[in-house]
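Structural characterization, general
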Amino acid sequence: MKKILVINGPNLNLLGLREPALYGTQNFEALQGFIVECAAEYGVEVELFQSNHEGVIVDKIQAAYGVFDAILINPAAYTHTSVAILDALKAVALPTVEVHLTDISTREEFRRFSYISLYAQKTICGKGFDGYKEGLHYLSQL
Ligand code: DQA
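Attention here is on the structure that accompanies the text. (Residues numbered from 1 in each chain as written. Predicted model: local features only at pLDDT ≥ 70, side-chain atom pairs only at ≥ 80, totals over all residues. Heavy atoms only, no water.)

**Observations concerning the site of the ligand**
- All residues adjacent to the ligand are Arg 18, Tyr 23, Asn 74, Ala 76, Ala 77, His 80, His 100, Leu 101, Thr 102, Ile 104, Arg 107 and Arg 111.
- Between the ligand and the protein, one listed contact pairs an oxygen atom with a side-chain N or O atom of His 80 at 2.7 Å.
- Taking 320 Å² as the accessible area of the ligand by itself, protein coverage stands at 99%.
- Grouping the amino acids of the shell around the ligand by side-chain chemistry returns five nonpolar, four polar and three charged. (Near = heavy atom within 4 Å. Polar contact = N/O pair within 3.5 Å; in protein donor to acceptor, adjacent residues only side chain to side chain. Areas by Shrake-Rupley, 256 points an atom, 1.4 Å probe, with all protein chains shown as cover. Nonpolar A, V, L, I, M, F, W, Y, C, P; charged D, E, K, R; others polar.)

Have a look at this one:
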């Protein structure tokens, strides 16, 4: 069974509370439950990981080498700032999908650039929870 590491970055643990007009009213637990359901539907194994810390995310990506077959990541704010996360993804070279709940191309100017897109094979934006489903489906088919 394919093993997929699902990484959620900073402040995604506050889903539900956090800017509900943008990110919706469902909480992080609901997102995690949804991802687990999708994984079962597509016959893949998932590990769920969330951190508010850049270096901790880098450590987790490094540790994925030889353990996971693919990575699904919502790097949250680090999308727009983190060369370190980009370099870690390039280093382990696993198939990677980048997902964002919102459409980062239609928000503030500073959200339009993604370091992660320079490596990710696919970027899914603006589809809410369903973006994670689409990402898992894509990775399950590789
Ligand atoms: C986000 C978009 C980012 O710009 C923002 O910093 C986030 C969440 C999204 O899922 O839409 O924290 O990655």
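**Examining the packing of aromatic side chains**
- A full pass over the atoms with the stated rule returns two aromatic pairs.
- Relative to Phe 129, the ring of Phe 34 lies with its centre 5.9 Å away and its plane at 40 degrees, an arrangement referred to as tilted. Separated by 95 residues along the polypeptide, Phe 34 in helix H2 (residues 28–42) and Phe 129 in the loop between strand E5 (122–125) and helix H5 (130–140) bring together distant segments of the chain.
- Relative accessible area serves as the criterion here: at 19%, Phe 34 is assigned to the buried category.
- Seen from their ring centres, Phe 113 and Tyr 115 are 4.8 Å apart, and the 85 degrees between their planes marks the pair as edge-to-face.
- Take Phe 113: its relative accessible area is 42%, and that puts it in the partly exposed class. (Phe/Tyr/Trp six-rings, centres within 6.5 Å; stacked < 30°, edge-to-face > 60°. Helix = DSSP H or I, 4+ residues; strand = E, 2+ residues; numbered from the N terminus. Buried < 20%, exposed > 50% of the residue type's maximum accessible area, 1.4 Å probe, protein only.)

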